[in-house]
Amino acid sequence: MARTPLVAGNWKMYKTEAQAEEFIQALLPRVSSLDGADLAICVPFTDLRAMVDSSRGSPVEVFAQNMHYEPEGPFTGEISAPMLGELDVRGVVLGHSERRQLFGETDKALALKVPAALDAGLVPILCVGETEEERDGEETERKLRHQINEDLAGVPAARLAEVVVAYEPIWAIGTGRVAEGEQAQEAIAFIRALVSGRDEAAGESLRILYGGSVKPDNAAELLALPDVDGALVGGASLDPASFAEIAAAASR
Ligand code: 13P
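Residues numbered from 1 in each chain as written. Predicted model: local features only at pLDDT ≥ 70, side-chain atom pairs only at ≥ 80, totals over all residues. Heavy atoms only, no water.

Here we look at the layout of surface pockets
Next up, step 1: When its volume is computed, the largest pocket comes out at roughly 350 Å³.
Next up, step 2: Around the largest pocket, the lining is made up of 14 residues, and of these Lys12, Met13, Gln65, Glu98 and Arg99 lie nearest the centre.
Next up, step 3: The biggest single contributor to the lining of the largest pocket is helix H4 (residues 97-102), with three residues.
Next up, step 4: Looking at the lining of the largest pocket residue by residue, the class counts come to seven nonpolar, four polar and three charged. (1 Å grid on protein atoms, 1.4 Å probe; cavity = no way out; pocket = protein on both sides within 12 Å on 5 of 7 lines; lining within 4 Å. Points joined across faces, edges and corners; volume = space filled by probe spheres on them. Helix = DSSP H or I, 4+ residues; strand = E, 2+ residues; numbered from the N terminus. Nonpolar A, V, L, I, M, F, W, Y, C, P; charged D, E, K, R; others polar.)

Some thoughts on the side chain of Asp47
Next up, step 1: Take Asp47: it is sitting in the loop between strand S2 (38-42) and helix H2 (48-55).
Next up, step 2: Here Asp47 occupies a buried position and makes no salt bridge, while the nearest side chain of opposite charge, Lys15, is found at 8.1 Å.
Next up, step 3: Engagement of the side chain of Asp47 in a polar contact is seen with the backbone nitrogen of Glu17, the distance being 3.2 Å.
Next up, step 4: Excluding anything up to four places from it in sequence, Asp47 contacts Trp11, Tyr14, Lys15, Thr16, Glu17 and Ala20. (Buried < 20%, exposed > 50% of the residue type's maximum accessible area, 1.4 Å probe, protein only. Lys, Arg positive; Asp, Glu negative; His and termini not counted. Salt bridge = Lys/Arg side-chain N within 4 Å of Asp/Glu carboxyl O. Polar contact = N/O pair within 3.5 Å; in protein donor to acceptor, adjacent residues only side chain to side chain. Contact = heavy atoms within 4.5 Å.)

Thoughts on the packing of helix H5 (residues 107-119) against helix H7 (residues 140-151)
Next up, step 1: As a packed pair, H5 and H7 sit with axes 8 Å apart at the nearest point and diverge in direction by 45°. Considering their axes alone, H5 and H7 lie oblique with respect to each other. Within the contact between the two elements, H5 uses Asp107, Leu110, Ala111 and Val114 and H7 uses His146, Gln147, Glu150 and Asp151.
Next up, step 2: Class assignment of the residues belonging to the contact of H5 with H7 gives a composition of three nonpolar, two polar and three charged. (Axes fitted to C-alpha atoms, helices over the stretch in contact; angles between N-to-C directions. Parallel < 35°, antiparallel > 145°, perpendicular 65-115°, else oblique.)

Describing the site of the ligand
Next up, step 1: Taken together, 13 residues sit near the ligand, with Lys12, His96, Gly174, Ser213 and Gly235 positioned nearest.
Next up, step 2: In this structure, an oxygen atom belonging to the ligand sits 2.9 Å away from a main-chain N or O atom of Gly234.
Next up, step 3: For the ligand, the protein covers 96% of the area, taking 310 Å² as the surface of the free molecule.
Next up, step 4: The residue inventory of the shell around the ligand, partitioned by class, reads four nonpolar, seven polar and two charged. (Near = heavy atom within 4 Å. Areas by Shrake-Rupley, 256 points an atom, 1.4 Å probe, with all protein chains shown as cover.)

Considerations on a negative patch on the surface
Next up, step 1: Taken together, the side chains of Glu141, Glu180, Glu182 and Glu186 make up a negatively charged region of the molecular surface.
Next up, step 2: Turning to its location among the elements, Glu182 is positioned in helix H8 (residues 181-198). (Patch = residues over 30% accessible without salt bridge, like charges linked within 9 Å, V, L, I, M, F, W, Y side chains within 5 Å. Charge placed at Lys NZ, Arg CZ, Asp CG, Glu CD.)

Notes on the nonpolar core
Next up, step 1: With 71 residues, the main nonpolar core has Ile41, Met51, Met67, Leu152, Val163 and Tyr210 as its most contacted residues.
Next up, step 2: Not counting residues up to four positions away in its chain, the partners in contact with Tyr210 are Tyr167, Pro169, Ala172, Val178, Ala179, Ala184, Ile188, Leu222, Val228, Gly230, Ala231 and Leu232. (Core = buried A, V, L, I, M, F, W, Y, C linked by side-chain atoms within 4.5 Å.)

The structure is reproduced here in structure tokens:
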């Protein structure tokens, strides 16, 4: 079954609203004829409304980078799924390794966040991946199995295919050390098999992205791998020209 590739830019904590506006005006003409691929930017909360307004009617979808699992409550500094939904935000990145490592994001919270996003009509991009130490210790599969099993535990089989998973080996994030094609393919095929173990059809249709030092010069090779359904792009998504080049590689 054909899966439409998704190229998503994760801006992390970059770009004020004015900078985001400048970016989108430079990006839109470059992606207007994009065909056969979905395109998203995952932006800071303060950029959401402006990016949703500026990208209306274009191929660019706007995602947030985190959310709380409760719809509302006494959680100072947090943002809920219905708050994102009302802004016409299309989805949300969940469980990025920076949130797991620097802000104490747990699998337990993710098990609640992923279904909460789906219930609010948001597409969750669930990030998983191993550290360098875990790869060296041949613990990659154990780590991925643990994260996939725990984080998707609350998603009913019938809705599994609506989730997007991003395989982001932590040692490849922001390091310029992209995973070899074989490593990316192997890990992503493993993730797909885990999902298929719960629901065969969901495993077939769920999209799994690769993330970690994706650049215009390595995107085509990664995107051509049989189980890789797109990319989650950090640094190279901050520049409209390089992000558009990566998007073009996915639409070919
Ligand atoms: P880089 O593309 O900068 O390595 O970041 C990857 C990432 O963390 C995307 O979520």
